[in-house]
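For reference, the chains in residue letters:
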Amino acid sequence: MSRWLRSSPVTWAIGYLMLGLAALVAFAVLLWYAWNVSIFSGREEILRAETQHLTDVFSREGADGLVAHIETRLRLHIVGERTLLLTDAAFHPLAGNLSAWPREAPGDSGTHAVMVDRFEGQPAHTLLMQATLPGGYHLLVARDLGLFLPLERQFAWGLTAAVTFLFVVGVAGALLIRRQLLARVEGMQATVAAIMAGDLRKRLPEAGSGDEFATLSQTINGMLDHIEKLINGISDVSNSIAHDLRTPLAELRSRLEELSLTRPEPAETFAEIDAAVADVDRVMRIFAALLRLAELDTGARRSGFVQVDAARVAAEVVEFYEPAAEQKHVAFSFETSGVTAVAGDPVLLAQALSNLIDNSLKCVPERGAIRVCVGTRADGSVAIEVADNGPGIAAAEKPKVTGRFYRGDASRGTPGVGLGLSIVDAVARLHGGVLELIDNHPGLRAQMVLPVTGATSSR
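This text gives an overview of the structure that appears in the document. Bear in mind that the values here come from a model prediction, so they are computed numbers and not experimental data. (Residues numbered from 1 in each chain as written. Predicted model: local features only at pLDDT ≥ 70, side-chain atom pairs only at ≥ 80, totals over all residues. Heavy atoms only, no water.)

1. Points about the nonpolar core
Here is step 1 of the chain: Phe332, Leu353 and Ile357 are the most contacted members of the largest nonpolar core, which totals 42 residues.
Here is step 2 of the chain: Apart from the residues lying within four places of it in its own chain, the contact partners of Leu353 are Ala314, Val317, Val372, Ile384 and Val386.
Here is step 3 of the chain: Of all hydrophobic cores here, the second largest spans 17 residues; its members include Ala63, Val67, Leu133 and Leu145. (Core = buried A, V, L, I, M, F, W, Y, C linked by side-chain atoms within 4.5 Å. Buried < 20%, exposed > 50% of the residue type's maximum accessible area, 1.4 Å probe, protein only. Contact = heavy atoms within 4.5 Å.)

2. With respect to a nonpolar patch on the surface
Here is step 1 of the chain: Where nonpolar side chains cluster on the molecular surface, the patch consists of Trp12, Tyr16 and Leu19 and spans about 440 Å² of accessible area.
Here is step 2 of the chain: For Leu19, a relative accessible area of 56% puts it in the exposed group. (Patch = residues over 30% accessible without salt bridge, like charges linked within 9 Å, V, L, I, M, F, W, Y side chains within 5 Å. Areas by Shrake-Rupley, 256 points an atom, 1.4 Å probe, with all protein chains shown as cover. Salt bridge = Lys/Arg side-chain N within 4 Å of Asp/Glu carboxyl O.)

3. What about the pairing of strand E11 (residues 434–439)?
Here is step 1 of the chain: Here E11 runs beside strand E12 (residues 444–450); their pairing, made up of six bridges, is antiparallel. Across the sheet, residue Leu435 finds its bridge partner in E12, namely Met448.
Here is step 2 of the chain: Between E11 and the antiparallel strand that follows it, E12, lie four residues; His441 among them carries a positive phi value of about 50 degrees. (Pairing = 2+ DSSP bridges. Helix = DSSP H or I, 4+ residues; strand = E, 2+ residues; numbered from the N terminus.)

4. Concerning the sheet that holds E12
Here is step 1 of the chain: With respect to topology, five strands assemble into an open sheet ordered E7-E9-E10-E12-E11, the strand pairing being mixed. With partners counted over all chains shown, the strands left at the sheet margins are strand E7 (331–337) and E11, one partner each. Ignoring strand direction, the axes of neighbouring strands in this sheet form an average angle of 15 degrees.
Here is step 2 of the chain: Pairing geometry for strand E10 (residues 382–388) and E12, over six bridges, is antiparallel. Paired with Val386 across the bridge in E12 is Ala446.
Here is step 3 of the chain: Strands E7, strand E9 (369–376), E10 and E12 of the sheet are contacted by helix H7 (residues 346–363), whose axis makes an angle of about 20 degrees with E10. (Axes fitted to C-alpha atoms, helices over the stretch in contact; angles between N-to-C directions.)

5. Here's the deal with helix H8 (residues 420–430)
Here is step 1 of the chain: Of all the 11 residues making up H8, nine are buried; the element is thus mostly covered by neighbouring parts of the structure.
Here is step 2 of the chain: Turning to H8, its buried residues number three or more, namely Leu421, Ser422, Ile423, Val424, Asp425, Ala426, Val427, Ala428 and Leu430.
Here is step 3 of the chain: Phi for Gly432, located one or two positions after H8, is positive at around 80 degrees.

6. Digging into the side chain of Asp388
Here is step 1 of the chain: Relative to the helices and strands, Asp388 resides in strand E10.
Here is step 2 of the chain: Nearest to the buried, unbridged Asp388 among oppositely charged side chains is Arg371, at 9.6 Å. (Lys, Arg positive; Asp, Glu negative; His and termini not counted.)

7. So, a negative patch on the surface
Here is step 1 of the chain: A cluster of acidic residues, Glu316, Glu319, Glu322 and Glu326, forms a negative patch on the protein surface.
Here is step 2 of the chain: Structurally, the position occupied by Glu322 is in helix H6 (residues 310–327).
Here is step 3 of the chain: Under the relative-accessibility criterion, Glu322 is labelled partly exposed at 35%. (Charge placed at Lys NZ, Arg CZ, Asp CG, Glu CD.)

8. Let's talk about the pattern of salt bridges
Here is step 1 of the chain: If you walk through the whole model with that rule in mind, you get 10 salt bridges.
Here is step 2 of the chain: Among the ionic pairs, Glu50 bridges to Arg73, the shortest N-O distance being 2.9 Å.
Here is step 3 of the chain: One salt-bridge network, in which partners are shared between bridges, spans Arg371, Glu385 and Arg445.

Structure (structure tokens):
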């Protein structure tokens, strides 16, 4: 029972039920107050008019005429509605349907609500008005306040029925809502339990109603997709690290072991030491790239975004690589067009462009061509593109080349560890953009597309 009461649907339903009951009771109280004020005021006005009428009769016809008039009125037998009494100065009854002047009636003139006993012997709650006439006569005119008691009882019963109906409907609604929500929650619990058991492919059911639960399921499923991708990436990275580090470490151990056993001449020893240092540098570059990717994945660098002219950053990177391109006799060109200001990190953008140019320099043949373009696209985004006429990337490999440590067949013989495009893709995503790999026929066009408003924070 306590679990049922603690459930959110029941709590919400009870809250709305209490709110509805409070509103209903407040409305009933206001209506009851308005009813009583209206009835009391109306009856008071009627009593005042009737008292004035009887006073006028007394003024015209005297006490005997008023006695006759009262008796005529009482013969109409409007039982329980009208109470009349005329007494002399000593309060001895002269005419009316009361046996004596009511003890409850105040001595002063005016309107009062009191209980009086009529000739029928039944006490009645009445609204009376008394007046003192010339000669010391006393006139009392009253109306029965119990005339509308049946209507008031019906109102009370109707209010009770409405409260009961609202309570029953509220409880039934709470049960139905709880049942529906528990069905959705149990489905989510089953999915989460399967994911915790190791089935990362399970996803929350997404109902076609488009309600809040469907939106929540879509958001969580997107998060689960990202988590699955990260976990698979960690597994792939672990395997790739073991594979890519095994070779340089094995070579390093072999060199050091051979030096220890053979103890060659100093010149040869220093040559082997230089080769060992190169192996260590290669391992350190791998770890540095992994640390850079981890930093990009956390989004920590986004807090340092500023307004950056992508064309100016690209021009500086192109100038840095021009000597390498001239040494390989590669036609190296740079073009820019439109407004190229974006919100981002200039160091990361330069690193990503450097990786793209470096990949192109490794892949293009002698006397090939590389073109770097920075410009505004039709949708307003800024594109940083590196195009070459090298071997390109097969369509089947394009979704894979941004994976960590992935190296295609065409790049097996080139230096590197397979993290360059991974870093470019991470930089593009950090800036709210994408990395697009397009065939250049021949060659490849690697394009970072960055939205102008993709990152609004700046210093």
